[in-house]
Amino acid sequence: IFFSGKSLAAKTWFLDPSKEGELIDRIHQQSYRAFRELGLQDFALFDFRVDREGNTFFLECNLFCSFGQQSVVNVIARNSGITNENLFDMMVENSLLRRKK
């Protein structure tokens, strides 16, 4: 038996802001809260699941990132107009600013 690691009933989709703005806002709010309460700095990746009724479930927070060209943080930055070099510069600057405080 071949097991792909995914339930046959599971469906994957990407959120469409024009149709699912309220759901996206809820996920943003939950992400910001988790970021603050966990005392995180700079970045984190949150894994959520959404059931058919639109209920969100926070599964985990991932703090590791490879910073390779296809890494999630780098792809999001690039899609926002931030180059890899700018992203790394921002991270170093943020770290140095914290050190000065």
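Before any of the text, the structure's been laid out above.
Residues numbered from 1 in each chain as written. Predicted model: local features only at pLDDT ≥ 70, side-chain atom pairs only at ≥ 80, totals over all residues. Heavy atoms only, no water.

1. Remarks on the overall build of the chain
- Counting secondary structure elements, the chain contains three helices and two strands.
- When the helices and strands of the chain are listed from N to C terminus, the series reads α-β-β-α-α.
- Burial status across the chain gives 20% buried among its 101 residues.
- For the chain, the share of sequence-separated contacts (at least 6 apart) that also reach a separation of at least 24 residues comes to 22%.
- When the accessible surface of the chain is totalled, it reaches about 8,500 Å², and 56% of it is carbon and sulfur. (Helix = DSSP H or I, 4+ residues; strand = E, 2+ residues; numbered from the N terminus. Buried < 20%, exposed > 50% of the residue type's maximum accessible area, 1.4 Å probe, protein only. Contact = heavy atoms within 4.5 Å. Areas by Shrake-Rupley, 256 points an atom, 1.4 Å probe, with all protein chains shown as cover.)

2. Regarding the pairing of strand β2 (residues 56–62)
- Direction of pairing for strand β1 (residues 45–50) relative to β2: antiparallel, over a ladder of six bridges. The residue of β2 that forms the bridge with Phe48 is Phe58.
- As consecutive antiparallel partners, β1 and β2 are separated by five residues, and within that stretch Gly54 has a phi angle of approximately 90 degrees, a positive value. (Pairing = 2+ DSSP bridges.)

3. Digging into the packing of aromatic side chains
- Going through the model one piece at a time under the given rule, you end up with two aromatic pairs.
- Between Phe46 and Phe58, the aromatic rings sit 5.5 Å apart at their centres with planes inclined by 50 degrees, giving tilted as the arrangement. Here Phe46, found in strand β1, pairs with Phe58, found in strand β2; they are 12 residues apart in sequence, far enough to count as distant.
- Taking the relative accessible area as the measure of exposure, Phe46 reaches 21% and is therefore partly exposed.
- Overall, Phe58 belongs to the partly exposed group, its relative accessible area being 38%.
- Cluster of aromatic residues (ring-pair linked, three or more members): Phe46, Phe48 and Phe58. (Phe/Tyr/Trp six-rings, centres within 6.5 Å; stacked < 30°, edge-to-face > 60°.)

4. So, the pattern of salt bridges
- Counted by the stated rule, this structure contains four salt bridges.
- Here Arg26 makes a salt bridge to Glu22, at a shortest N to O gap of 3.6 Å. Of the two residues, Arg26 and Glu22 are both situated in helix α1 (residues 17–37); the distance of four residues between them amounts to about one turn of the helix.
- Among the residues examined, Arg26 registers a relative accessible area of 29% and is labelled partly exposed.
- On the accessibility criterion, Glu22 (62% relative accessible area) is exposed. (Salt bridge = Lys/Arg side-chain N within 4 Å of Asp/Glu carboxyl O.)

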